Amino acid sequence: MFLPRSVKVKRTPDEDRSCTAKKHKLSSGGSLLEETTEFQDCKSVGTETSASTYSLSETVQEHTEPAAADLGVANTPLGKDNQNTDEDGSLEEPIKSFSKSQRWAEPGEPVCVVCGRYGEYICDKTDEDVCSLECKAKHLLQTQAKEKQLRSDQCTDSQAEAHLLNTPYFYKDHSFILGLQDEQVENLKLQLGIAVQGQQVPRPIVEFEHCGFPETLNNNLKNSGYEVPTPIQMQMIPVGLLGRDILASADTGSGKTAAFLLPVIMKVLKETETPSALILAPTRELAIQIERQAKELMAGLPNMRTVLLVGGLPLPPQLHRLKQSVKVIIATPGRLLEILKQSSVQLHSIKIVVVDEDKKLFKPPVLVFVDCKLGADLLSDAVHKITGLLCTAMHSEKSQVERTDILQGLLQEKYEVIVSTGVLGRGLDLVSVKLVVNFDMPSTMDEYVHQVGRAGRLGHSGTAITFINNNSKKLFWDVVKRVKPTGTILPPQLLNSPYLHDQKRREQQRLKQLQSSLVTGDNIMDIIKKHNKNNSQR
Ligand code: AMP
């Protein structure tokens, strides 16, 4: 059955009861999977529609009885006697049959687990987000295939799972770490910039393997590309695994999220009461990122579910999911309070609370300049994917509304990185920018000067990093002249470039010529003589 998000928002308590009744009826009608398979095999077959049931899309023909129920579709809207009122007219938006008729998800909206479009519905069998009947069918088939695979390994898996859940986990220093001298450990911490305060703080780990995590978690780390822990992870993970209270601070992008997620995962893995952990994040974007990482790290671990409670998205689906025995809540404080005020949800089973990222730690954003719109979009996406930083692109194709939004976001510290074409190069006082990166060197020195001038406005100091290659060879000498007096160390490749030397030589020649044509006390007699000689020759 689908639980369409839009419908849930508008449902009244009466309607909810009828929904429950219908859910019963539907689930008694046979396996969802069989039914959805039938849908897949027979795409032109649809549902008999009435004013009070969901209809399939217009490409679908009229069909016999099983209708929406066969397809696992809730026969909502669920008004009394299936009658329509103006009020619930909006509830009758047909369930999308095909993935292609669904729109793409806006940032922060749920995403279909199959095709990546807007996950408008929740598949009741798996609790995953799907965009249409088509993707639901595919999703259930995929799930079935996975389950089959799982069953084939069932024996070993269930033994491993039982072992995982029944064996108590206690963190203790790995023999490699124990074998290190105190001096070596202090040296390591010094080199990695790890500073600690507190009683009996455990030594940092050097490898994830030093934690004694279950195999699945070690594999998840590898699959996420986490080969070695970052410094904050090295120190924070053992402290967290010991169940100690921690106050940690590290730069954005230094791996803090995994540093707290890994101990949280190990702790809640064996908890039977739900929810067991609460992670609070100041913004919706950050909460979404945390949940994404949590899901990656928890994949394949038994009974691990997360819920995202954030504003800007409908509340009922979040509440619904919260009631599905989730282990970890990831929430913004505003939405969490809203839910606690409205519903009877109890949080007494929570054992761990993580508060992520104090806003005050937010760093001023980085402004990156590129030379074309496509470059801005691509680089912004790439930086976001690789670093998890909040990025946006700015260029002439952005509407005025978007531009205003981006600039406001910049001033409100909503973005950590802005990738822009020359449109942001001039005029605006982006006081909060401290670092400019010229990813593409501009084509003129004039533009370059304006771009680097975005960092350090109004007497603030700032830094500019410029990438330069032979495409800008005409500007080598000008750049060096401009940058050298600031004490910047310039790369030898630039300083030794033949283009630079050629430009320097030409400039010196020009200067000499200019000097020789200037009239001074020293050369005035020579110039007069030369002039007279020329005249007498004529
Ligand atoms: P964070 O500071 O937690 O936002 O992490 C920044 C980015 O680094 C995220 O994209 C993480 O997936 C990634 N990351 C975290 N820990 C590691 C690690 N040990 N190795 C490689 N990437 C990591």
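Summary of the structure given here. (Residues numbered from 1 in each chain as written. Predicted model: local features only at pLDDT ≥ 70, side-chain atom pairs only at ≥ 80, totals over all residues. Heavy atoms only, no water.)

## Notes on the site of the ligand
Rule in force here: Only heavy atoms are used to decide nearness, and a residue is near a molecule or strand if one of them lies within 4 Å of it. In protein, a polar contact requires one atom able to donate a hydrogen and another able to accept it; more generally it is a pair of N or O atoms within 3.5 Å, and residues adjacent in sequence count only if both atoms are side-chain atoms. Accessibility throughout is a Shrake-Rupley quantity obtained with a 1.4 Å probe, and a residue counts as covered only by protein chains that appear here. Helix and strand assignments follow DSSP, with helices taken as H or I runs no shorter than four residues and strands as E runs no shorter than two, numbered in order from the N terminus. Ten residue types, Ala, Val, Leu, Ile, Met, Phe, Trp, Tyr, Cys and Pro, are classed as nonpolar, four, Asp, Glu, Lys and Arg, as charged, and the remainder, Gly among them, as polar.
Not every one of the 15 residues close to the ligand is listed here, only the nearest: Tyr226, Val228, Gln233, Gly255 and Thr257. Contact between the ligand and Tyr226: an oxygen atom at 2.7 Å from a side-chain N or O atom of the residue. In this structure, Ser254 approaches the ligand through a main-chain N or O atom, which is 3.0 Å from an oxygen atom. Computed on the free molecule, the ligand has an accessible area of 500 Å², of which 79% lies beneath the protein chains in the complex. Listing elements by their share of the shell around the ligand, those giving two or more residues are α11 (256-269) and α15 (373-387). Taken together, the residues of the shell around the ligand sort by class into 5 nonpolar, 9 polar and 1 charged.

## So, the packing of aromatic side chains
Stated precisely, the cut-off is as follows: The aromatic pairing rule takes the rings of Phe, Tyr and Trp, using the six-membered ring of Trp, and pairs them if the centres are within 6.5 Å, calling planes under 30 degrees apart stacked, those over 60 edge-to-face and the rest tilted. Throughout, exposure labels follow a simple rule: accessible area from a 1.4 Å probe, protein chains only, divided by the maximum for the residue type, with under 20% read as buried, over 50% as exposed, and the rest as partly exposed.
Evaluated as defined, the whole model comprises 2 aromatic pairs. Ring centres of Phe476 and Tyr499 lie 6.3 Å apart, and the angle between their planes is 75°; this geometry places the pair in the edge-to-face category. Here Phe476, found in helix α18 (residues 476-483), pairs with Tyr499, found in helix α20 (residues 498-517); they are 23 residues apart in sequence, far enough to count as distant. Residue classification places Tyr499 among the partly exposed residues on the basis of a relative accessible area of 34%.

## Notes on the pattern of salt bridges
Heads up, the rule is: We define a salt bridge as a side-chain nitrogen of Lys or Arg found within 4 Å of a carboxyl oxygen belonging to Asp or Glu.
By the definition in use, this model includes 19 salt bridges. Here Lys96 ties to Glu120 by a salt bridge, and the two come within 3.3 Å at their closest N and O atoms. Highlighted residues: Lys96 in the loop between α4 (67-70) and β2 (121-123) and Glu120 in the loop between α4 and β2, separated in sequence by 24 residues. With relative accessibility at 16%, the residue Lys96 sits in the buried group. Salt-bridge contacts for Lys481 lead to Glu507; the nearest nitrogen and oxygen are separated by 2.7 Å.

## Quick notes on a nonpolar patch on the surface
Put simply, the rule reads: For patch detection, residues must exceed 30% relative accessible area and be free of salt bridges, and they are connected within 9 Å for like charges or within 5 Å for nonpolar side chains (Val, Leu, Ile, Met, Phe, Trp, Tyr).
Residues Val519, Ile524, Met525, Ile527 and Ile528 make up a contiguous nonpolar surface patch of roughly 430 Å² in combined accessible area. Relative to the helices and strands, Val519 resides in the loop between α20 and α21 (524-537).

## Some thoughts on the pairing of strand β4 (residues 277-280)
Which entries qualify depends on this criterion: Any two strands between which DSSP finds at least two bridges are classified as paired.
Side chains Ala277 and Ile279 of β4 all project onto a buried face; the interleaved residues Leu278 and Leu280 project onto the opposite face, where all are buried too. The pairing of β4 with strand β6 (residues 328-331) spans 4 bridges and is parallel. Residue pairing in the sheet places Ile279 in a bridge with Ile330 of β6. The pairing of β4 with strand β7 (residues 352-355) spans 4 bridges and is classified as parallel. The residue of β7 that forms the bridge with Ala277 is Ile352.

Everything listed here is a matter of geometry and, on its own, says nothing about what the molecule does.
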